[in-house]
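# Observations on the model geometry
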Amino acid sequence: MELGSESAAVRRHRVGGERREDPAAAAALQPEREAPAPASLGAAGRGGARTRKRSPGGGAGTGLSEARAVLGLALYLLALRALVQLSLQRLVLRGPAGSLEEFDARQARDYLEHITSIGPRTTGSPENEVLTVRYLLEQIKLIQDQSNSIHKIAVDVQRPTGTFSLDFLGGFTSYYDNITNVVVKLEPRGGAQHAVLANCHFDSVPNSPGASDDAVSCSVMLEVLRVLSASSEALRHAVIFLFNGAEENILQASHGFITQHPWASSVRAFINLEAAGVGGKELVFQTGPENPWLVQAYVSAAKHPFASVVAQEVFQSGIIPSDTDFRIYRDFGNIPGIDLAFIENGYIYHTKYDTADRIPTGSIQRAGDNILAVLKYLATSDMLASSSKYQHGHMVFFDVFGLFVIAYPSRVGSIINYMVVMAVVLYLGKKLLQPKQKTAHYAKDFFCGLGITLISWFTSLITVLIIAVFISLIGRSLSWYNHFYVSVCLYGTAAVAKIIFIHTLAKRFYYVNTSDQYLGEIFFDISLFVHCVSLITLTYQGLCLAFISAIWIAFPLLTKLFVQKDFKQHGAGGKFLVFYLVGMFIPYLYALYLIWAVFEMFTPILGRSGTQIPPDVVLASILAGCIMILSSYFINFIYLAKSTKKTLVALTLVCGITFLLVCSGTFFPYSSDPASPKPKRVFLQHITRAFHDLDGNVVKRDSGIWINGFDYTGMSHVTPHIPEINDTIRAHCEETAPLCGFPWYLPVHFLIKKNWYLPALEVSPRNRAHFRLISKEQTPWDSVRLTFEATGPSHMSLYIRAHTGAVLTQWSLGNGTPVTSKGGDYFVFYSHGLQASAWQFWIEVQVSEEQPEGMVTVAMAAHYFSGEDKRSPQLDALKEKFPGWTFPSAWVCTYDLFVF
């Protein structure tokens, strides 16, 4: 039998073995191995191998030029990145509206500028409860006067009071009193039984004008109301526009509407307009639950779609520490809906920079076009009236670069996914089910290559984590926050270099005298297998985002089948490279599209994720994961290329230089650039605390400015500008007090454990908070009921801790069952509108054994967010000292602790 007719894998190992046993024999075989005979080419075509030594004649024996491969891949990825950026920045630019029945972004911008000119609009402030409500009612009245006679408009100002519990932020309970909702119902002249709800909120967080969150959405809704009411086209169902005034109070106003308003019972579906950034495209990031007809409505109606089931499953996983009114309508109203949000430029979300001028008119126009079209579609739909009939499973949905949306039921997606899996099984099975002498070494090389690939990915992750931990330990975290390219140059190059290095070692020392083509094919198959395992796992877990793995299998497999013949005949030449990259266009372009969204969302979040989570570790891990995915079908190029030495040197140099620059502090994390600010967030609370014992005597009293930095760097960058804020004034936890004895506005104590407490004079708000025990009763079921009364400003926080031997069994809040926060204490968020009666509530405590220190500790903090009470001379003076690249949000607090 001729050597060329054997399995190339068998030949490779046999020749290698002969060389180790008898060098002379190996030398005798050398001329035959170098000859590019047709027979040997035929063996290579059957999944076999040639030696890497290039034949004098070139042809299939020629390896891929390192420079050509690197340049080609770099230009390819840059071109894809440019296409992604072009798609994301493609906003609607339109001239003057030609019809009253078209959405006009100029009119919506006028609404937006009027609302934001009022200033920050915290619940309970005159700005929110009076000025904004008055403006909304004035504009609604004008719209009503201009409406078409075929429509009927009703307006109601709701002032609900209620309570509920959520497991968000570790768990807490909310109580609201006399907050404000402005509700408008547009319906046919003869009325309608069913309605679709559009929701926005006009309140803002303290000290922010709240243009994107959420004044722009309310402006869009006003303009949509104007267009629909002026339309000559009759609606089949009603459209309810809810302008809610207490969303930033952790979703209170939406709860008040959906549980108490008489119109709520007619709502069959809703659209919620939110923001996690400023401008750009509005992303559909939640739908349902289990109402695919709503996704189809968006697909059919939206003019400029931007939607992803990936965003939905990531958001609902709880990774992102945020929530929207979508949750309230879903959980308390049992109503399906669509959740949309602007996600770009989250660096200035909830800061003073969230102004109307930063929101492009094109963003307003595209959002208005989409909301108008979808609302009109739903208001004329046959499905809305019987929406419960169409509740059957989840939907896979994703937009194709903003051009259109692909959507299909998840059960269809599962069928497609398993069909793709079968294609891979047939492709790999054909190779593995050949006669044993032809496949033995292929199987061995395949699984060894799989191990090498996994080792390369694991070591690349470990490498970037080691760098990230070191950077965090030396105090250089967030160096990439203002310069994202730094993260790519530091962590991205390290991950790529490590992957290339491991495979280069394998190529040089393990796959000795093995054909480049054979190895290239082996590692392509390995990547296909890894994505197949991922597809099976994700599909089995019922995740709709499994479609990504299907894309990463289908297109590469088709590409492989297309280029296979040319690859066998001519090797990895320029033609192969071009066709291979063209075939990978769809999966790589879509991957970069999703990767952009990931970093657009997560990078700003890491600047406000607290002091306990090292952001460099998180970002480095995400970058390493993205590089593992992107490298999967390019690993074979390492084996096809003649060398990787220059690439490794270049990557190591870039990583090393960036590392030294980061360590030296060259890259400052924050920016006060007016065009693109990236501020550091700081909370300043001027507080006076009083701690009472069991007899009601004050045992401790102090005052100070409590300082919280919302990122991992703490105050390290601020101290050089304000020397008095240093580690000598670190706040100490009061172990016997709930939540360490400090006035947390939100239950985020588990995220922020580095605080500073700068001694200051006492504060004396005019509207002083009062808290007292009204009654103490023994119940027939052997528990103690304590009834309290509290009065104070619009925002108060209640903290409760049951002592040893005591259990909090019931209370008059939420659904009656006490909900603990992280750490075991109880947190109650309270707010009221302009006028509210005294807040009365009770708790029941079951005591198993009497304790001399009492059975329960109750503390109350009062937060002054508006008016003169929110300021103090010392607070203003400290705030002025903060550098321009910070956003210090400041207010006055009082804190009183009692033992019962």
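Structure: above.
Presented here is a report on the structure given in the accompanying data block. Note that the coordinates shown come from a computational prediction; the quantities given were computed from them, not determined experimentally. (Residues numbered from 1 in each chain as written. Predicted model: local features only at pLDDT ≥ 70, side-chain atom pairs only at ≥ 80, totals over all residues. Heavy atoms only, no water.)

### Points about the environment of valine 267
- Within the secondary structure, valine 267 is located in strand E7 (residues 267–275).
- Sequence-wise, valine 267 and isoleucine 371 are 104 residues apart; in three dimensions their C-alpha atoms are separated by 17 Å.
- In this structure valine 267 touches Ala195, Leu197, Ile240 and Ile335, once residues within four positions along its chain are discounted. (Helix = DSSP H or I, 4+ residues; strand = E, 2+ residues; numbered from the N terminus. Contact = heavy atoms within 4.5 Å.)

### A closer look at the sheet that holds strand E1 (residues 151–158)
- A sheet is described by the order of its strands in space; here 7 strands give the open sequence E1-E4-E6-E5-E7-E9-E8, paired in mixed fashion. The outermost strands of the open sheet, each flanked by one partner alone, are E1 and strand E8 (282–288). The sheet shows a mean angle of 15° between the axes of neighbouring strands, direction not considered.
- Pairing geometry for E7 and strand E9 (residues 337–342), over 6 bridges, is parallel. Looking at E9, one finds that phenylalanine 270 is bridged to glycine 337. (Pairing = 2+ DSSP bridges. Axes fitted to C-alpha atoms, helices over the stretch in contact; angles between N-to-C directions.)

### Here we look at the environment of valine 899
- Within the secondary structure, valine 899 sits in strand E22 (residues 886–899).
- Spatially, the C-alpha atom of valine 899 lies 58 Å from that of arginine 106, the residues being 793 residues apart in sequence.
- Discounting residues that sit within four places of it in the chain, valine 899 has contacts with His692, Asp693, Leu694, His803, Glu853, Gly854, Val856 and Thr857.

### Quick word on helix H19 (residues 585–605)
- Along its 21 residues, H19 runs 30 Å from first to last C-alpha, staying within 8% of the 30 Å computed at 1.5 Å per residue.
- Buried residues dominate H19, accounting for 17 of its 21 residues. (Expected span 1.5 Å × (residues − 1). Buried < 20%, exposed > 50% of the residue type's maximum accessible area, 1.4 Å probe, protein only.)

### Looking at the environment of alanine 301
- Along the chain, alanine 301 falls in helix H9 (residues 292–301).
- Judged by its relative accessible area of 13%, alanine 301 falls in the buried class.
- Between the C-alpha atoms of alanine 301 and aspartate 369, which are 68 residues apart in sequence, the distance is 9.7 Å.
- The contact partners of alanine 301, leaving out residues within four places of it in the chain, are Ala373, Val374 and Tyr377.

### Remarks on the sheet that holds strand E16 (residues 784–791)
- Taking strand neighbours across the sheet as the criterion, the 4 strands line up as E15-E16-E20-E18 in an open arrangement whose pairing is antiparallel. Every other strand in the sheet has two partners, leaving strand E15 (770–778) and strand E18 (806–811) as the edge strands with one partner each. Averaged over all adjacent pairs, the angle separating strand axes in this sheet is 30°, with direction ignored.
- Inspection of the sheet shows E15 paired to E16 by 8 bridges, in the antiparallel sense. Pairing of arginine 772 across the sheet is with glutamate 789, part of E16.

### Focus on the pairing of strand E3 (residues 172–177)
- The element E3 is extensively covered by neighbouring structure, given that 6 of its 6 residues are classed as buried.
- Every second residue of E3 is oriented toward a common face, with Phe172, Ser174 and Tyr176 on one face and Thr173, Tyr175 and Asp177 on the other, all of them buried.
- As paired elements, strand E2 (residues 162–166) and E3 share 5 bridges and run antiparallel to each other. Bridging across to E3, serine 165 finds its partner in threonine 173.

### Concerning unusual backbone geometry
- The residue after aspartate 213, namely aspartate 214, is reached through a cis peptide bond having omega 15°.
- One can find aspartate 214 in helix H7 (residues 211–230).
- Following glycine 288, the chain continues to proline 289 via a peptide bond in cis, the omega torsion being 10°.
- With respect to the secondary-structure elements, proline 289 resides in the loop between E8 and H9.
- Even without glycine at this site, histidine 350 takes up a positive phi of about 65°.

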